[in-house]
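Secondary and tertiary structure notes
The residues making up each chain are set out below.
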6 protein chains.
Amino acid sequence: MVTISRKSHFNAAHRLYRKDWSDQKNENIFGKCSNPYFHGHNYELIVHVTGDVDPETGYVMDMKILKDLIKAEVEDKMDHKNLNEEVQEFQSKIPTAENIAIVIYDLLKPHMNPRHKLAVTLYETPRNYVSYSG
Amino acid sequence: MVTISRKSHFNAAHRLYRKDWSDQKNENIFGKCSNPYFHGHNYELIVHVTGDVDPETGYVMDMKILKDLIKAEVEDKMDHKNLNEEVQEFQSKIPTAENIAIVIYDLLKPHMNPRHKLAVTLYETPRNYVSYSG
Amino acid sequence: MVTISRKSHFNAAHRLYRKDWSDQKNENIFGKCSNPYFHGHNYELIVHVTGDVDPETGYVMDMKILKDLIKAEVEDKMDHKNLNEEVQEFQSKIPTAENIAIVIYDLLKPHMNPRHKLAVTLYETPRNYVSYSG
Amino acid sequence: MVTISRKSHFNAAHRLYRKDWSDQKNENIFGKCSNPYFHGHNYELIVHVTGDVDPETGYVMDMKILKDLIKAEVEDKMDHKNLNEEVQEFQSKIPTAENIAIVIYDLLKPHMNPRHKLAVTLYETPRNYVSYSG
Amino acid sequence: MVTISRKSHFNAAHRLYRKDWSDQKNENIFGKCSNPYFHGHNYELIVHVTGDVDPETGYVMDMKILKDLIKAEVEDKMDHKNLNEEVQEFQSKIPTAENIAIVIYDLLKPHMNPRHKLAVTLYETPRNYVSYSG
Amino acid sequence: MVTISRKSHFNAAHRLYRKDWSDQKNENIFGKCSNPYFHGHNYELIVHVTGDVDPETGYVMDMKILKDLIKAEVEDKMDHKNLNEEVQEFQSKIPTAENIAIVIYDLLKPHMNPRHKLAVTLYETPRNYVSYSG
């Protein structure tokens, strides 16, 4: 089994808050991240696919196909967007790095070969990142 | 003359648009960057100060003082903020990377030793950056 | 389960040697790293915490709390220090990257939620690093 | 158990193609990578060795020995080479990143302490990499 | 005056040699880089454009236009290519990093606003790079 | 004129203090950096050489020769050393990043082609660096 990993990039605005909490409680829990005017990040995404190497091609999976899949399913949906306002999945989920990683995993998983294992790593800043593998 | 350089970081939301242009013209000129719901970036800022080395301390300028100055004048003003909505300088200036760099220069310059030369480099994404030296 | 990772930084002096070995044996085993005048590194530390995502906050753990914990338990103890001379744990342990990672793990572990899994990655140079997960 | 990791570097030319396929089929499957005139990469290699920390030295394994082993077994064989034309292992295997990682693993494994676990990570570009652990 | 900088990427094969020198002389001067089977690199290119900020748009130049220009003039010509065999400019010029930077400058310059100053930085490896500004 | 740049690396211990100042004054001016037990850094050094491209070789200067020169004049002198205690130049000069850059420039300059312009960039940490060009 070999894991192939592909890095991609999108940038977006977000804020962390719950409608069912007061502004004060949102600020207590989420600090500056609850700013009602939003802030934003350059998200660096790494998608990992683990599987057997096809003896005919020497590939686990064609990186070009993986790149195009990430573009179609993730970048086109999130790049230059406001996650809270424009991405349906975050109507009901706070767009923390953890939840964004889970949403990305769930967007990609149905398109993967079922014999392949999927994992995602998401950098929210150069110093903060999260990983999720289902 | 030696140049000392200090990297710092802030993240913010912004959009590129002019109120005096139609939405269509804004989109033609600024593309995805004019998204009315905003998007955002991790801005990496490098501040460069050029001057003589003080023979007593071996410093052009104490990096700790420079770090604190960047925090007070730039990070506290822009970090986790919406540049268009919350930073006064961008009421009348489009927050392109070029203009953000000029604003940062203008915020720092009055606090610098007049014998020192100032320059700023601002990464908007890992692939796009700008430099300004007055 | 999601893993959140936080990078931090400290720099320190150290040397690798055993008091119970001759200088010659120390040099044979540890080479330049046994220099009696010490040398030093910029250590880049990544702390990984794995756990369930709290459905209320969307967090495994607040990154701000993790950042403050790393500062209190690791940076305040090791930053700008001589590990051999000033950090008690290395009175009886050689400060190799492996042992520094284990000491950091042991410093952080008692402060972690017992349901969370902890791991640490420590870069001694941009080309050498170690990982430990208990 | 601690994992130590050592980064190294080599650059090489390669192309992806199968002699038993037509030029057209090679291009359909491998795209630009099948260019008959070759193209090339700066390969960044990370070798990971997992084992117990020797209580006497504080090392899993001396990084200097690992560095020299990577030079002798991998760099001297692949650096500034044409993988297809000059590296015997790729006479019968397409030099995809996956296969290069497997070949590197197989070159290093016989030289490792059998109690140690080996893994390799190979960056073909800053955005594409693969991992293999036997 | 502000400088905007855009990073891009291509990978290619090359060798350093002169047809009018013996193999031995080529090897004496160019070492491993003269390998007749070629080797290759991931070239990281940074294009710098210096000019006034357009008061209407806040841009020196639209980064999207610069990105597309680099793709059309440089990437399409050099990416996944053998520089010696497939890029006309290197029929008569040795493809050293210095010469590749000069060729890239000469390819881009005619497309630039004549009031703008152009410079290019080219990384041949993470440790070796060159800069040229006409 | 083209500039070629070569990155290299050394790590060392140092402290910032003046023998002719009290410990208190040293701490007031240099803070944690005056720790009498020393601390240390991974110094990343970039050496820049500017000159004409030799039409015969396509080189400003052979990078291999520059690499060997940096090793002989800088790395062998400073790597794994205590700058204050073991490097003669810092008997009379405080080893700030500024002064280390000047010392490195002065070590390299006599070995350079007099028609070439030399500059050095020295990273003391990933966030602090200095540049000097004579």
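Data block above holds the structure.
The notes below deal with the structure included here. (Residues numbered from 1 in each chain as written. Chains lettered and ligands numbered in written order. Predicted model: local features only at pLDDT ≥ 70, side-chain atom pairs only at ≥ 80, totals over all residues. Heavy atoms only, no water.)

1. Details of the overall build of chain A
When you go through chain A residue by residue, the secondary structure sums to four helices and five strands. The N-to-C order of helical and strand elements in chain A reads β-α-β-α-β-α-α-β-β. Projected onto its principal axes, the C-alpha coordinates of chain A cover approximately 60 × 25 × 25 Å. Across the 134 residues that make up chain A, the buried fraction comes to 60%. Within chain A, residue pairs in contact and separated by at least 24 positions form 68% of the contacts whose partners lie at least 6 positions apart. Taken together, the 17 basic and 19 acidic charged side chains of chain A have centroids lying 3 Å from each other. (Helix = DSSP H or I, 4+ residues; strand = E, 2+ residues; numbered from the N terminus. Buried < 20%, exposed > 50% of the residue type's maximum accessible area, 1.4 Å probe, protein only. Contact = heavy atoms within 4.5 Å. Lys, Arg positive; Asp, Glu negative; His and termini not counted. Charge placed at Lys NZ, Arg CZ, Asp CG, Glu CD.)

2. Looking at the relation of the copies chain A and chain B
It takes a turn of 180° to lay chain A on chain B, together with a shift of 0.0 Å along the axis; the resulting RMSD is 0.0 Å. Expressed as an axis order, the relation between the two copies is that of a two-fold axis. (Least-squares fit on C-alpha atoms with pLDDT ≥ 70 in both.)

3. Quick look at the relation of the copies chain D and chain C
A rotation about an axis combined with a shift along that same axis relates the two copies of the chain. Superposing chain D onto chain C requires a rotation of 120° together with a translation of 0.0 Å along the rotation axis, leaving an RMSD of 0.0 Å. Each copy turns onto its partner about a three-fold axis.

4. Here we look at the interface of chain D and chain C
Taken together, the contact pairs 22 residues of chain D with 17 residues of chain C. Taking both partners together, chain D and chain C bury about 1,600 Å²; carbon and sulfur atoms supply 49% of that area. Inspection of the region where chain D meets chain C yields zero salt bridges. Taken together, the links from chain D to chain C amount to seven residue pairs in polar contact (both at pLDDT 80 or more). Element by element, the count of residues in the side of chain D that touches chain C is highest for strand β1 (residues 2-14) of chain D, at eight residues. (Buried area = accessible area lost by both parts, 1.4 Å probe. Salt bridge = Lys/Arg side-chain N within 4 Å of Asp/Glu carboxyl O. Polar contact = N/O pair within 3.5 Å; in protein donor to acceptor, adjacent residues only side chain to side chain.)

5. Section: the interface of chain A and chain B
In this assembly, 23 residues from chain A lie in contact with 23 residues from chain B. Carbon and sulfur atoms make up 52% of the area that chain A and chain B hide from each other, which totals about 1,800 Å². Interface area lost by chain A to chain B is led by Tyr37, Asn42 and His80 of chain A, which between them contribute 33%. One can count two salt bridges joining chain A with chain B. Note that Lys32 of chain B and Asp79 of chain A form a salt bridge whose closest N and O atoms lie 2.7 Å from each other. Across the side of chain A that touches chain B, the residue classes tally to six nonpolar, 10 polar and seven charged. (Nonpolar A, V, L, I, M, F, W, Y, C, P; charged D, E, K, R; others polar.)

6. Some words on the packing of aromatic side chains
In this structure the tally under the stated criterion is 30 aromatic pairs over all chains. With centroids separated by 4.3 Å and ring planes inclined at 25°, the aromatic side chains of Tyr123 of chain B and Tyr129 of chain B adopt a geometry described as stacked. Three or more aromatic residues joined by ring pairs make a cluster, and in this case those are Trp21 and Phe30 of chain A together with Tyr59 of chain C. The residue whose ring lies beneath Arg18 of chain A is Trp21 of chain A, and the NZ or CZ to ring-centre distance is 5.3 Å. The ring of Tyr17 of chain B has Arg15 of chain B lying over it, and the distance from NZ or CZ to the ring centre is 3.5 Å. (Phe/Tyr/Trp six-rings, centres within 6.5 Å; stacked < 30°, edge-to-face > 60°. Lys NZ or Arg CZ within 6 Å of the ring centre and 35° of its normal.)

7. A short note on unusual backbone geometry
Note: most peptide bonds trans; most residues except glycine with negative phi. All names here are of chain C. Its identity as a non-glycine residue notwithstanding, His80 has a phi of 60°, on the positive side. In this fold, His80 is placed in the loop between α2 (63-78) and β3 (81-82). Classification of His80 by relative accessible area gives buried; the value is 10%.

8. Some thoughts on the side chain of Ser5 of chain E
When you line up the elements, Ser5 of chain E lands in strand β1 (residues 2-14). Of the residues examined, Ser5 of chain E reaches a relative accessible area of 1% and is grouped as buried. A polar atom in the side chain of Ser5 of chain E sits 2.8 Å from the side chain of His48 of chain E. Aside from chain neighbours lying at most four places away, what touches Ser5 of chain E is Arg127, Asn128 and Tyr129 of chain B together with Ile46, Val47, His48 and Met63 of chain E.

9. A few points about the pattern of salt bridges
If charged atoms from side chains of opposite charge come close, those side chains can pair. For the structure shown, the criterion picks out 30 salt bridges over all chains. One salt bridge connects Asp20 of chain A with Arg18 of chain A, and the closest N-O pair in it is separated by 2.9 Å.

10. A short note on the arrangement of the chains
Of all C-alpha pairs spanning chain B and chain C, none lies closer than 14 Å, and the two are not in contact. As for chain F relative to chain D, no contact occurs, and the smallest C-alpha gap between them is 14 Å.

11. Comments concerning helix α2 (residues 63-78) of chain E
An α-helical turn contains 3.6 residues, so any two residues separated by three or four positions project in the same direction. Taking 1.5 Å of rise per residue, 16 residues should cover 22 Å, and α2 of chain E covers 21 Å from first to last C-alpha, within 8% of that figure. The axis of α2 of chain E is deflected most strongly, by about 40°, at Lys71 of chain E. (Expected span 1.5 Å × (residues − 1). Bend = angle between axes of the 7 residues up to and from the residue.)

12. Notes on the environment of Ala72 of chain C
Following the sequence through the fold, Ala72 of chain C ends up in helix α2. Spatially, the C-alpha atoms of Ala72 of chain C and Val103 of chain C are 14 Å apart, while their sequence positions differ by 31 residues.

13. Quick notes on the pairing of strand β1 (residues 2-14) of chain C
By the criterion of burial, β1 of chain C is predominantly enclosed, with 12 of the 13 residues buried. Here five bridges tie strand β5 (residues 128-132) of chain A to β1 of chain C, and the two strands are oriented antiparallel to one another. Within β1 of chain C, the residue paired with Asn128 of chain A across the bridge is Arg6 of chain C. In terms of strand pairing, β1 of chain C meets strand β2 (residues 39-51) of chain C through 13 bridges, oriented antiparallel. From the neighbouring strand, Lys7 of chain C faces β2 of chain C, where its bridge partner is Ile46 of chain C. (Pairing = 2+ DSSP bridges.)

14. A look at the packing of α2 of chain E against helix α4 (residues 97-108) of chain E
Residue and element names in this part refer to chain E. At a minimum axis distance of 10 Å, the contact between α2 and α4 shows a crossing angle of 135°. In this view, α2 runs oblique relative to α4, as classed from their interaxial angle. You can see that α2 and α4 cross each other, and the crossing is right-handed. Between α2, through Leu69, Ile70, Glu73, Val74, Lys77 and Met78, and α4, the contact on the second element is made entirely by Ile100, Val103, Ile104, Leu107 and Leu108. Residue composition of the contact of α2 with α4, grouped by class: nine nonpolar, no polar and two charged. (Axes fitted to C-alpha atoms, helices over the stretch in contact; angles between N-to-C directions. Parallel < 35°, antiparallel > 145°, perpendicular 65-115°, else oblique. Left-handed = near helix turned anticlockwise from the far one by under 90°.)

15. With respect to the environment of Lys7 of chain B
Summarising the element assignment, Lys7 of chain B is placed in strand β1 (residues 2-14). Overall, Lys7 of chain B belongs to the partly exposed group, its relative accessible area being 24%. Residues in contact with Lys7 of chain B, not counting those within four places in the same chain, are Leu45 and Ile46 of chain B together with Pro126, Arg127 and Tyr129 of chain F.

16. Regarding the environment of Phe30 of chain D
Among the structural elements, Phe30 of chain D can be located in helix α1 (residues 23-30). Of the residues examined, Phe30 of chain D reaches a relative accessible area of 3% and is grouped as buried. A sequence separation of 79 residues divides Phe30 of chain D from Lys109 of chain D, and the C-alpha atoms of the two residues are 30 Å apart. Excluding residues that lie within four positions of it along the chain, Phe30 of chain D makes contacts with Thr57 and Tyr59 of chain A together with Leu16, Tyr17, Trp21 and Ile94 of chain D.

17. Things to note about the pairing of strand β1 (residues 2-14) of chain F
Pairing geometry for β1 of chain F and strand β3 (residues 81-82) of chain F, over two bridges, is parallel. Across the sheet, the residue bridging to Ala12 of chain F is Lys81 of chain F, located in β3 of chain F.

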